[in-house]
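As a plain string of letters, each chain reads:
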Amino acid sequence: MKLILSSNSPRRKELLAGLDIPFEVHVLDGIDESYPADLSSHEVAEYIAQKKASAYDVSGDEVLITADTVVVLHQEILGKPADADEAKCMLRKLSGHTHHVITGVCLKRYDKLHHFSVTSEVTFKTLSEQEISYYVEHYRPFDKAGAYGIQEWIGYIGVTGLKGSYFNVMGLPVQRIYEELMTHFSDSSREWPINLELK
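Note that the coordinates shown come from a computational prediction; the quantities given were computed from them, not determined experimentally.

## Points about the confidence of the model for the protein chain
Phase 1 of the analysis: Across the protein chain, the average pLDDT comes to 93, with 94% of residues at or above 70.
Phase 2 of the analysis: Note that pLDDT drops below 50 for residues 189-199; the model gives that stretch 20 contacts with residues more than four away or on any other chain.

## Digging into the nonpolar core
Phase 1 of the analysis: Ile65, Leu91, Leu94, Tyr148 and Leu181 are the most contacted members of the largest nonpolar core, which totals 40 residues.
Phase 2 of the analysis: If you tally residues by element for this core, the top one is strand E3 (residues 62-73), at 5 residues.
Phase 3 of the analysis: Once residues lying within four places of it in the same chain are set aside, the contact partners of Leu94 are Val71, Leu73, Leu78, His99, Phe124, Gly146 and Tyr148.
Phase 4 of the analysis: Ala49, Ala53, Tyr56 and Cys106 belong to the second largest nonpolar core, which has 7 residues in total.

## Brief notes about the pattern of salt bridges
Phase 1 of the analysis: A complete count under the given rule lists 12 salt bridges for this structure.
Phase 2 of the analysis: Between Lys52 and Asp68 there is a salt bridge, and its shortest N-O distance comes to 3.5 Å. Pair noted here: Lys52 is in helix H2 (residues 44-54) and Asp68 is in strand E3, with a separation of 16 residues, a long-range link.
Phase 3 of the analysis: Taking the relative accessible area as the measure of exposure, Lys52 reaches 10% and is therefore buried.
Phase 4 of the analysis: By sharing partners, the salt bridges in this structure join Arg11, Asp143, Lys144 and Glu152 into a single network.

## Considerations on the packing of aromatic side chains
Phase 1 of the analysis: In the structure shown here, the tally under the stated rule is 4 aromatic pairs.
Phase 2 of the analysis: Here Phe124 and Tyr148 contribute two aromatic rings whose centre-to-centre distance is 5.0 Å and whose plane-to-plane angle is 85 degrees, an arrangement assigned as edge-to-face. With Phe124 in strand E6 (residues 112-124) and Tyr148 in the loop between helix H4 (129-139) and helix H5 (153-158), the pair connects residues that are 24 residues apart, well separated along the chain. Tyr148 matches Phe124 in its accessibility class, with the two residues each being buried.
Phase 3 of the analysis: Both rings, one in Tyr135 and one in Tyr139, keep their centres 5.3 Å apart while their planes meet at 25 degrees; by these two values the pair is stacked. Linking Tyr135 with Tyr139, this pair stays in helix H4, spanning 4 residues, or about one helical turn.
Phase 4 of the analysis: Against the face of Phe185 rests Lys112, its NZ or CZ located 5.2 Å from the ring centre.

## Remarks on the environment of Gly155
Phase 1 of the analysis: With respect to the element layout, Gly155 can be found in helix H5.
Phase 2 of the analysis: The spatial distance from the C-alpha of Gly155 to the C-alpha of Val122 is 9.9 Å, given a sequence separation of 33 residues.
Phase 3 of the analysis: Sequence-distant contacts of Gly155, that is, excluding residues within four places in its chain, are made with Gly149 and Ile150.

## Observations concerning the pairing of E3
Phase 1 of the analysis: Judged by how many residues are buried, E3 sits mostly within the fold: 12 of 12 residues are covered.
Phase 2 of the analysis: The side-chain alternation of E3 yields two buried faces, one formed by Glu62, Leu64, Thr66, Asp68, Val70 and Val72 and the other by Val63, Ile65, Ala67, Thr69, Val71 and Leu73.
Phase 3 of the analysis: Of the strand pairs in this sheet, strand E1 (residues 2-5) and E3 are connected by 4 bridges, and their pairing is parallel. The partner of Lys2 across the bridge, within E3, is Glu62.
Phase 4 of the analysis: For E3 and strand E5 (residues 98-109), the ladder comprises 9 bridges, and the chain directions are antiparallel. Note on E5: the bridge partner recorded for Thr66 is Cys106.
Phase 5 of the analysis: Summarising the sheet, E3 and strand E4 (residues 76-78) pair through 3 bridges and their orientation is antiparallel. Across the sheet, residue Val71 finds its bridge partner in E4, namely Leu78.

Cut-offs applied
Residues numbered from 1 in each chain as written. Predicted model: local features only at pLDDT ≥ 70, side-chain atom pairs only at ≥ 80, totals over all residues. Heavy atoms only, no water. pLDDT = per-residue confidence, 0-100. Contact = heavy atoms within 4.5 Å. Core = buried A, V, L, I, M, F, W, Y, C linked by side-chain atoms within 4.5 Å. Buried < 20%, exposed > 50% of the residue type's maximum accessible area, 1.4 Å probe, protein only. Helix = DSSP H or I, 4+ residues; strand = E, 2+ residues; numbered from the N terminus. Salt bridge = Lys/Arg side-chain N within 4 Å of Asp/Glu carboxyl O. Phe/Tyr/Trp six-rings, centres within 6.5 Å; stacked < 30°, edge-to-face > 60°. Lys NZ or Arg CZ within 6 Å of the ring centre and 35° of its normal. Pairing = 2+ DSSP bridges.

Structural data, given as C-alpha cells:
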C-alpha cells in the first residue's frame with residue numbers, strides 16, 4: 001500500500017513515521033471543517049475526518065489517512081485558540097478537571113472507506129495563573145486543540161492522570177491506525193511485513 005497523510009501537523013507526521021511505514025504528505029487547502037450544530041460533541045472529530053477524506057481522490061494502492069482531534073470538557077468543544085487570551089481561558093477551564101481528547105480518523109482507498117474515533121481521558125491538576133501564563137507565553141499553543149500539547153511543559157507539570165492512548169492526545173492514535181490498516185487494507189495473501197513494505 002502507498003500511504004498518504006493529509007495533515008500539516010508536525011506531531012502527526014512524527015507519530016505516523018514511528019510505524020516505520022513509508023508515507024507521503026498531501027494536503028488540500030480550503031477544506032470546509034464545519035459540522036452540524038446538533039451533532040454530539042463526541043461525534044465531531046470523526047465527522048470532520050470523513051469530510052476531509054471526501055475532498056480527495058485516491059487511486060490504485062493509495063490509502064489516504066485524514067484525522068481531526070477535539071478536546072471535550074463537559075460536552076463543550078475546545079478548539080484551537082485564536083490568541084493568548086483565549087488560550088489562557090481554555091487552560092483555566094481545563095484546570096482541576098478531567099476532559100476527553102477525541103481523534104477521528106478516516107482511511108480511504110478507491111474502493112473502501114473506513115472510519116473510527118479514539119477517546120482518551122486526561123486529568124489536570126489545578127493550574128496557577130503563573131503556570132498558565134508561562135506556558136502560553138513560552139509555548140504559544142495556538143495550533144493545538146484545547147490550547148495545550150501533552151508532550152510539552154504543561155503536560156510535564158500539569159497532567160495528573162491519563163486513561164487511554166497518550167499518542168491519541170498528541171493527535172494521532174497510531175496503535176489503532178496500525179491495527180485498522182492491517183485488518184482492512186493489508187494484502188492477506190502475503191505475509192507481514194512484506195505487505196506493508198517496511199523500511
